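# Structural overview for review
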Amino acid sequence: MKVILEPTTAEVVEKKSRFIANVFYVANVNEVEEKLNKIRKEHYDAKHNCFAYILGLKGDTVKSSDDGEPQGTAGHPMLDILKGNDLTNCIAIVTRYFGGTLLGTGGLVRCYSDSLKQTIEKAKVAEIKSAYMVSFDISYDDYGKIENVISNINQSEIFIHSLDKVFEDVVKLKCLVRESVFEKFAREITNLTKGKVIISKEILKNYFNNGSQVLYID
């Protein structure tokens with residue numbers, strides 16, 4: 001599954017009708033309502049604000065609305081596009097300003113779909129991945145060696161993210177280690193410290209990186 005990293009918009013014009021599509025990342029139903037209210041307020045004079053959203057790691061919370069358009073011409077096609085792009089925790093809202101000419105059901109489906117497709121094509125997305133939260137204490141003598149291990153594994157395009165470092169009588173490290181590399185990581189750390197380090201592994205977490213921070217998703 002994937003998530004949208006930042007709000008993105010695109011517009012399609014058909015026979016003077018404007019279809020303005022917006023996509024947002026949303027963590028929960030409350031944020032869904034916030035985004036809907038934002039767009040409705042911004043486009044208070046539009047005839048329709050149709051939407052579709054998906055929530056959850058398995059994409060099992062879904063809803064769509066035609067907002068007064070003929071049934072099945074807006075919300076459901078938009079939902080299909082979100083699913084087809086393997087997106088979750090995402091809301092798509094397409095605002096329509098009526099141009100005076102009826103487009104027919106086929107024309108409406110095409111315009112709502114095309115505007116959303118163009119928006120998703122522009123959007124920055126991130127893949128949801130699985131990782132263990134790992135913590136352990138190491139001596140100052142071993143600290144530099146451990147940093148090299150993390151750097152070398154990451155150069156192999158395997159994600160290990162250092163979340164926290166506390167320097168006391170020992171160095172307390174907390175890392176997010178991708179599931180696929182955990183065994184290799186634990187083995188190298190154990191060998192490097194001659195078995196002195198005890199690695200504490202918490203439950204598997206699902207995360208994505210938005211470029212500035214790691215966010216978790218249920």
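In what follows, the accompanying structure is described. (Residues numbered from 1 in each chain as written. Predicted model: local features only at pLDDT ≥ 70, side-chain atom pairs only at ≥ 80, totals over all residues. Heavy atoms only, no water.)

## Section: the overall build of the protein chain
To keep things clear, this is the line we draw: Strands here are runs of E lasting at least two residues and helices are runs of H or I lasting at least four, both read from the DSSP assignment and numbered beginning at the N terminus. As a reference, a globule follows 2.2 Å times the number of residues to the power 0.38, and the radius of gyration itself is taken over C-alpha atoms. Any pair of residues with heavy atoms lying within 4.5 Å of one another is described as a contacting pair. A 1.4 Å probe and the Shrake-Rupley method give the accessible areas. Residues count as covered only by the protein chains that appear here. Neither His nor the chain termini are counted; the positive set is Lys and Arg, and the negative set is Asp and Glu. Every charge is mapped to an atom, namely NZ of Lys, CZ of Arg, CG of Asp or CD of Glu.
Scanning the protein chain for helices and strands turns up five helices and 12 strands. The C-alpha atoms of the protein chain give a radius of gyration of 23 Å, which is well past the 17 Å a tight globule of 218 residues would have. Intrachain contacts of the protein chain at a sequence separation of at least 6 include 70% that bridge at least 24 residues. Approximately 11500 Å² of the protein chain is accessible, and the part contributed by carbon and sulfur atoms is 46%. One finds the centroid of the 29 positive side-chain charges in the protein chain at a distance of 3 Å from the centroid of its 30 negative side-chain charges.

## Remarks on the environment of Tyr 53
Selection rule: Exposure is judged per residue with a 1.4 Å probe applied to protein chains only, and the accessible area is read against the type maximum: over 50% gives exposed, under 20% gives buried, and values in between give partly exposed.
As for its placement among the helices and strands, Tyr 53 is situated in strand 4 (residues 48-55). Look at Tyr 53 and you get buried, because its relative accessible area is 9%. Through-space distance from the C-alpha of Tyr 53 to that of Ser 64 is 6.5 Å; in sequence the pair is 11 residues apart. If near-sequence neighbours (up to four positions away) are discounted, Tyr 53 is found in contact with Val 32, Thr 61, Val 62, Lys 63, Leu 79, Leu 82, Cys 90 and Ile 91.

## Side note on the environment of Tyr 207
Mapping Tyr 207 onto the fold places it in strand 11 (residues 200-209). Sequence separation between Tyr 207 and Lys 129 is 78 residues; the distance between their C-alpha atoms is 5.5 Å.

## Describing the pairing of strand 10 (residues 171-178)
Filter applied, for reference: Here a strand pair is declared whenever DSSP counts at least two bridges between the two strands.
Within strand 10, six of the eight residues are buried, which leaves it mostly tucked inside the rest of the structure. Across eight bridges, the pairing between strand 8 (residues 129-138) and strand 10 is antiparallel. Bridge pairing in strand 10 links Met 133 to Leu 176.

## Focus: the pairing of strand 5 (residues 61-65)
As paired elements, strand 4 and strand 5 share five bridges and run antiparallel to each other. Paired with Phe 51 across the two strands is Ser 65, which belongs to strand 5. Between strand 4 and the antiparallel strand that follows it, strand 5, lie five residues; Gly 56 among them carries a positive phi value of about 100°.

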